[in-house]
Amino acid sequence: MVELAANLEAVRAAIAAAAAAAGRRADEITLVAVSKGHPAEAVRAAYALGQRDFGENYVQEWQEKAAQLADLPDLRWHFLGHLQRNKIRHVIGHVALLHAADDMAGIDEMQRTAWSQNLQQDVLLQINLAEEAQKRGCGEEDAELFLDVLLRSPNLHLRGLMTLPPADEEPELTRVWFKRLRALRDRLQVRLRGRPGASTSLWLSMGMSGDFPVAIAEGATHVRVGTAIFGARTPKVR
Ligand SMILES: *Cc1c(COP(=O)(O)O)cnc(C)c1O
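What comes next concerns the included structure. (Residues numbered from 1 in each chain as written. Predicted model: local features only at pLDDT ≥ 70, side-chain atom pairs only at ≥ 80, totals over all residues. Heavy atoms only, no water.)

Right, let's get into the overall build of the protein chain. Each helix and strand in the protein chain was counted, giving nine helices and eight strands. Taken over C-alpha atoms, the radius of gyration comes to 17 Å for the protein chain, in line with the 18 Å a tight globule of 238 residues would show. Considering only C-alpha atoms, the protein chain reaches an extent of 50 × 40 × 30 Å along its principal axes. Put simply, the protein chain has 238 residues, and 50% of those count as buried. (Helix = DSSP H or I, 4+ residues; strand = E, 2+ residues; numbered from the N terminus. Rg over C-alpha atoms; globule rule 2.2 N^0.38 Å. Buried < 20%, exposed > 50% of the residue type's maximum accessible area, 1.4 Å probe, protein only.)

Right, here's the structure in full:
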């Protein structure tokens, strides 16, 4: 508990410092506390310290925690990473933001699910910048195609881009990927001008425990920070 408070304080201070150094306001940046692998009590403790946005990766784990924390009405859940097709109906319309839409069939299924239940869902498009085989998301050159599909999905609302760049021990080495996501966002935004229903300021979800200050310097609007807040996770057995 003491540690959680100190960690959260340190992450907030680092966000404020990185924002100030970049000439940005700290309140332009949403800290998503990634609570996967940690119990509902840890989320409740962070909530008591003023944290409101939490990220989860596994549907069942998230559902259990959400049920235990249902008394915290202004808590916002973010679903991170790939959403299996058979789990889509459990998540769509029930989280504040889905990071990320990552394949055509999945987007199609999300739209149909949201439509059939008359639900709306804010989504981020995941971009696989380095086109790593083990990672999800569309390549940079397919981004416009995905954008068009999302804009034609009336129950899904494209709010921005998300990326999970190649991991590196040295945070400075991830800067190049953050720059590329931002440049892609800027190009897509130009294309979006005048399109009905399109958001004209797309968010950038990038940066994790090891490199979030660098991501903020490069324009991140959402940083997804787990370990630096909650400590190490026990490896997930699935
Ligand atoms: C787990 C996870 C994070 C948080 O990673 P940390 O290194 O613990 O900060 C961020 N984004 C995604 C997509 C994740 O799966």
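The next thing to look at is the pairing of strand β1 (residues 30-34). Burial analysis of β1 places four of its five residues in the buried class, which makes it a mostly covered element. Relative to strand β8 (residues 222-225), β1 is paired through four bridges, and the arrangement is parallel. Opposite Ala33, over in β8, you have Val225 as the bridge partner. In this sheet, strand β2 (residues 53-56) lies alongside β1 in parallel orientation, the contact comprising two bridges. The partner of Val34 across the bridge, within β2, is Gly55. Handedness of the β1-helix α2 (residues 40-48)-β2 crossover: right-handed. (Pairing = 2+ DSSP bridges. Right-handed = clockwise from strand over helix to strand, strands pointing away.)

Here the focus is the pairing of strand β3 (residues 76-80). Every regular strand shows the same layout, with side chains that alternate between the two sheet faces. Of all five residues in β3, four are buried, a share of seventy percent or more. With four bridges joining them, β2 and β3 adopt parallel strand pairing. The residue of β3 that forms the bridge with Asp53 is Arg76. Regarding the hand of the β-α-β motif, the stretch spanning β2, helix α3 (residues 59-68) and β3 is right-handed.

Another aspect to go through is the packing of helix α6 (residues 143-151) against helix α7 (residues 175-192). Orientation of α6 relative to α7, taken along the N-to-C sense of each, is 45°, at an axis distance of 11 Å. By the criterion of interaxial angle, the relationship of α6 to α7 is oblique. Here α6 and α7 pass one another in a crossing that is right-handed. Where α6 abuts α7, its residues Ala143, Glu144, Leu147, Asp148 and Leu151 lie against Leu184, Leu188, Arg191 and Leu192. The residue makeup of the contact of α6 with α7, split by class, is six nonpolar, no polar and three charged. (Axes fitted to C-alpha atoms, helices over the stretch in contact; angles between N-to-C directions. Parallel < 35°, antiparallel > 145°, perpendicular 65-115°, else oblique. Left-handed = near helix turned anticlockwise from the far one by under 90°. Contact = heavy atoms within 4.5 Å. Nonpolar A, V, L, I, M, F, W, Y, C, P; charged D, E, K, R; others polar.)

Neighbouring residues of the ligand: 13 residues in total, closest Lys36, Ser209, Gly226, Thr227 and Arg233. One nitrogen or oxygen atom from the side chain of Asn57 is found 3.0 Å from an oxygen atom belonging to the ligand. When isolated, the ligand has an accessible area of 390 Å², and the protein chains bury 89% of it. With respect to the pocket detection grid, the ligand is positioned in the largest pocket. A breakdown of the residues in the shell around the ligand according to their chemical character gives six nonpolar, four polar and three charged. (Near = heavy atom within 4 Å. Polar contact = N/O pair within 3.5 Å; in protein donor to acceptor, adjacent residues only side chain to side chain. Areas by Shrake-Rupley, 256 points an atom, 1.4 Å probe, with all protein chains shown as cover. 1 Å grid on protein atoms, 1.4 Å probe; cavity = no way out; pocket = protein on both sides within 12 Å on 5 of 7 lines; lining within 4 Å. Sits in = over half its atoms within 2 Å of the grid points.)

Let's shift gears to the pattern of salt bridges. Taken as a whole and judged by the stated rule, the model has 21 salt bridges. The shortest N-O distance in the salt bridge between Lys65 and Glu61 comes to 2.8 Å. In this pair, Lys65 and Glu61 are both assigned in helix α3, four residues apart and thus about one turn of the helix distant. Assessed through its relative accessible area of 4%, Lys65 is described here as buried. Its relative accessible area of 13% is what places Glu61 among the buried residues. The salt bridge partner of Arg159 is Asp122, with a shortest N-O separation of 3.2 Å. Remark: Asp122 occurs in strand β5 (residues 121-127) and Arg159 occurs in strand β6 (residues 156-163); sequence separation between them is 37 residues. (Salt bridge = Lys/Arg side-chain N within 4 Å of Asp/Glu carboxyl O.)

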